[in-house]
Amino acid sequence: MKVIMLKDVKGVGKRFEEKEVSPGYATNFLLPKKLAVEVRGSAAGQVKALKDAEAKTKANTESKLAKNIAEIAGTEVVIKMKANEKGHLFASLNPEKISELLKKEKGIDVDFAYINLIEAIKETGTFRVPVNVGEKETHFTLVVEPQ
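Residues numbered from 1 in each chain as written. Predicted model: local features only at pLDDT ≥ 70, side-chain atom pairs only at ≥ 80, totals over all residues. Heavy atoms only, no water.

Engineer: Talk me through the nonpolar core; I want residue IDs and the actual numbers.
Structural biologist: Grouped together as the largest cluster of nonpolar side chains are 21 residues, with contacts concentrated most on L93, F140 and L142. The set of elements that each furnish at least two residues to this core consists of α2 (42-72), β4 (76-81), β5 (88-93), α3 (95-106), β7 (125-133) and β8 (136-146). When residues no more than four places from it in sequence are discounted, the contact partners of F140 are I72, T75, V77, I98, L102, F127, R128, V129 and V131. Ranked by size, the runner-up nonpolar core spans nine residues in total, among them M5, V21, L30 and A36. (Core = buried A, V, L, I, M, F, W, Y, C linked by side-chain atoms within 4.5 Å. Buried < 20%, exposed > 50% of the residue type's maximum accessible area, 1.4 Å probe, protein only. Helix = DSSP H or I, 4+ residues; strand = E, 2+ residues; numbered from the N terminus. Contact = heavy atoms within 4.5 Å.)

Engineer: Which residues make up the sheet that holds strand β3 (residues 36-38), and what are the values?
Structural biologist: Taken in spatial order, the three strands line up as β2-β1-β3 in an open sheet, and their pairing is antiparallel. The outermost strands of the open sheet, each flanked by one partner alone, are β2 (18-20) and β3. Strand-to-strand twist in this sheet, taken as the mean axis angle between neighbours without regard to direction, amounts to 40 degrees. Across three bridges, the pairing between strand β1 (residues 2-5) and β2 is antiparallel. (Pairing = 2+ DSSP bridges. Axes fitted to C-alpha atoms, helices over the stretch in contact; angles between N-to-C directions.)

Engineer: Explain the pattern of salt bridges residue by residue, including any values.
Structural biologist: Note that side chains of opposite charge can pair when their charged atoms are close. Tallied over the entire structure, the rule returns five salt bridges. The salt bridge partner of E17 is K19, with a shortest N-O separation of 4.0 Å. A residue is classified by how much of its surface remains accessible, and E17, at 32% relative accessible area, is partly exposed. (Salt bridge = Lys/Arg side-chain N within 4 Å of Asp/Glu carboxyl O.)

Engineer: Which residues make up the side chain of S99, and what values do they have?
Structural biologist: Here S99 shows up in helix α3. Excluding residues that lie within four positions of it along the chain, S99 makes contacts with V110, D111, F112 and I115.

Engineer: Describe the layout of surface pockets, and please don't skip the residues or the numbers.
Structural biologist: Approximately 160 Å³ is the volume attributed to the largest pocket. Those elements that place two or more of their residues in the lining of the largest pocket are β6 (121-123) and β7. For the lining of the largest pocket, a count of residues per class yields six nonpolar, one polar and four charged. (1 Å grid on protein atoms, 1.4 Å probe; cavity = no way out; pocket = protein on both sides within 12 Å on 5 of 7 lines; lining within 4 Å. Points joined across faces, edges and corners; volume = space filled by probe spheres on them. Nonpolar A, V, L, I, M, F, W, Y, C, P; charged D, E, K, R; others polar.)

Engineer: If you had to explain unusual backbone geometry to someone new, which residues and values would you point to?
Structural biologist: A positive phi angle, near 70 degrees, is found at F16, a position not held by glycine. Note on placement: F16 falls in the loop between β1 and β2. Residue F16 is classed as buried on the basis of its relative accessible area of 10%. Although it is not a glycine, K34 adopts a positive phi angle of roughly 55 degrees. Overall, K34 belongs to the exposed group, its relative accessible area being 61%.

Engineer: Just give me the short version of the environment of V21, but keep the residues and values in it.
Structural biologist: In this structure, V21 sits in the loop between β2 and α1 (23-30). Along the primary structure V21 and F112 are separated by 91 residues, whereas in three dimensions their C-alpha atoms are 37 Å apart. With near-sequence residues (within four places) excluded, V21 lies in contact with M1, V3, V12, A26 and L30.

Engineer: Summarise the environment of G24; cite the residues concerned and give the values.
Structural biologist: Examined against the element boundaries, G24 turns out to sit in helix α1. Among the residues examined, G24 registers a relative accessible area of 34% and is labelled partly exposed.

This is the structure:
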């Protein structure tokens, strides 16, 4: 039976792929759990329309990210945070907080999933923060000062 996958299913296929599976597996597992739809009928047309819409959305998102990547290259962001005398921060900086900081301070919207920190920032100083979107890679400088 030919089905179009609605979600990724390990060992079967990825979202929006057209796959040939056994009729029993499709009718007893994939179709009742809404993991796939049969290729024939109006459901298949709706899935193809969803796939096209998702492709357009992804293209728009990637173009916005490319623009934001160009803006962020070489930028320096300064933040003041509470720290003790030795320079250790009371609250660490993780990618989520850095993403919020970029949006608030510089107006640059970068999803935290694209900020590639090896580990959270836990002390004051100057840090090079890498940002990777697909094949495009850049970095910006984050200066953490005591408050």
